[in-house]
Amino acid sequence: MVVQAYNAHAIRKYAGFVSAINFATEQLAPLETLINRMNLGNALPGDWRVPKPDELKAQLAKARKDLEDLKAHAVKYEIELKSREWRV
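The rules behind the values
- Residues numbered from 1 in each chain as written.
- Predicted model: local features only at pLDDT ≥ 70, side-chain atom pairs only at ≥ 80, totals over all residues.
- Heavy atoms only, no water.
- Helix = DSSP H or I, 4+ residues; strand = E, 2+ residues; numbered from the N terminus.
- Buried < 20%, exposed > 50% of the residue type's maximum accessible area, 1.4 Å probe, protein only.
- Contact = heavy atoms within 4.5 Å.
- Areas by Shrake-Rupley, 256 points an atom, 1.4 Å probe, with all protein chains shown as cover.
- Axes fitted to C-alpha atoms, helices over the stretch in contact; angles between N-to-C directions.
- Parallel < 35°, antiparallel > 145°, perpendicular 65-115°, else oblique.
- Left-handed = near helix turned anticlockwise from the far one by under 90°.
- Nonpolar A, V, L, I, M, F, W, Y, C, P; charged D, E, K, R; others polar.
- Salt bridge = Lys/Arg side-chain N within 4 Å of Asp/Glu carboxyl O.
- Core = buried A, V, L, I, M, F, W, Y, C linked by side-chain atoms within 4.5 Å.
- Expected span 1.5 Å × (residues − 1).

## Here's the deal with the overall build of the protein
Okay, so step 1: Helix and strand counts for the protein come out as four helices and zero strands.
Okay, so step 2: With 88 residues in all, the protein has 12% of them scored as buried.
Okay, so step 3: When contacts within the protein are restricted to residue pairs at least 6 apart in sequence, those whose partners lie at least 24 apart make up 74%.
Okay, so step 4: Accessible area of the protein: about 7,300 Å², with a carbon and sulfur share of 60%.

Structure below.
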């Protein structure tokens, strides 16, 4: 009985983990739209500046790749994660 409760808890935790990864991935789409609308302005020395669109696109691509790698790693160990008690 206790093992079933742990298994149910582990399955819920894994589902929440995968949902969080999917949610984070979905939140990157509006950022791409925002980056594509950016204009390069002429900033004076000492003005506040943001990274250039190319730099932001590279960072966005890296974030997407990292999330995809994390999800692939989670899927690879899905059975193990679901079968163990998750300790905090």
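Picking up where we left off.
## Re the packing of helix α2 (residues 28-37) against helix α3 (residues 53-76)
Okay, so step 1: Following both chains from N to C, one finds α2 and α3 inclined at 165 degrees, their axes separated by 10 Å at the closest point. One element, α2, and the other, α3, form an angle in the roughly antiparallel class. Judged by the sense of rotation from one axis to the other, the crossing of α2 with α3 is left-handed. The residues of α3 that touch α2, namely those facing Leu28, Ala29, Leu31, Glu32, Ile35 and Asn36, are Pro53, Leu56, Lys57, Leu60, Ala63, Arg64 and Leu67.
Okay, so step 2: Partitioned by chemical class, the residues of the contact of α2 with α3 number nine nonpolar, one polar and three charged.

## Focus: the pattern of salt bridges
Okay, so step 1: For the coordinates displayed, the defined rule picks out three salt bridges.
Okay, so step 2: In this structure, Glu32 and Arg64 form a salt bridge, with 3.2 Å as the shortest nitrogen-oxygen distance. Here the residue Glu32 occupies a position in helix α2, and Arg64 occupies one in helix α3, the gap between them amounting to 32 residues.
Okay, so step 3: Residue class for Glu32 comes out partly exposed when judged on its relative accessible area of 35%.
Okay, so step 4: Note on Arg64: relative accessible area 24%, which makes it partly exposed.

## What to know about the nonpolar core
Okay, so step 1: Counting residues in each nonpolar core, the largest one holds six residues, listed as Ile21, Leu28, Ile35, Leu56, Leu60 and Leu67.
Okay, so step 2: Counting only elements with at least two residues in this core, the list comes to α2 and α3.
Okay, so step 3: With three residues, the single largest contributor to this core is α3.
Okay, so step 4: Aside from chain neighbours lying at most four places away, what touches Ile21 is Leu67, Leu70 and Lys71.

## Topic: α3
Okay, so step 1: Taking 1.5 Å of rise per residue, the 24 residues of α3 would be expected to cover 34 Å, and the 34 Å separating its terminal C-alpha atoms lies within 8% of that figure.
Okay, so step 2: Listed as buried for α3 are Pro53, Leu56, Leu60, Leu67 and Ala74.

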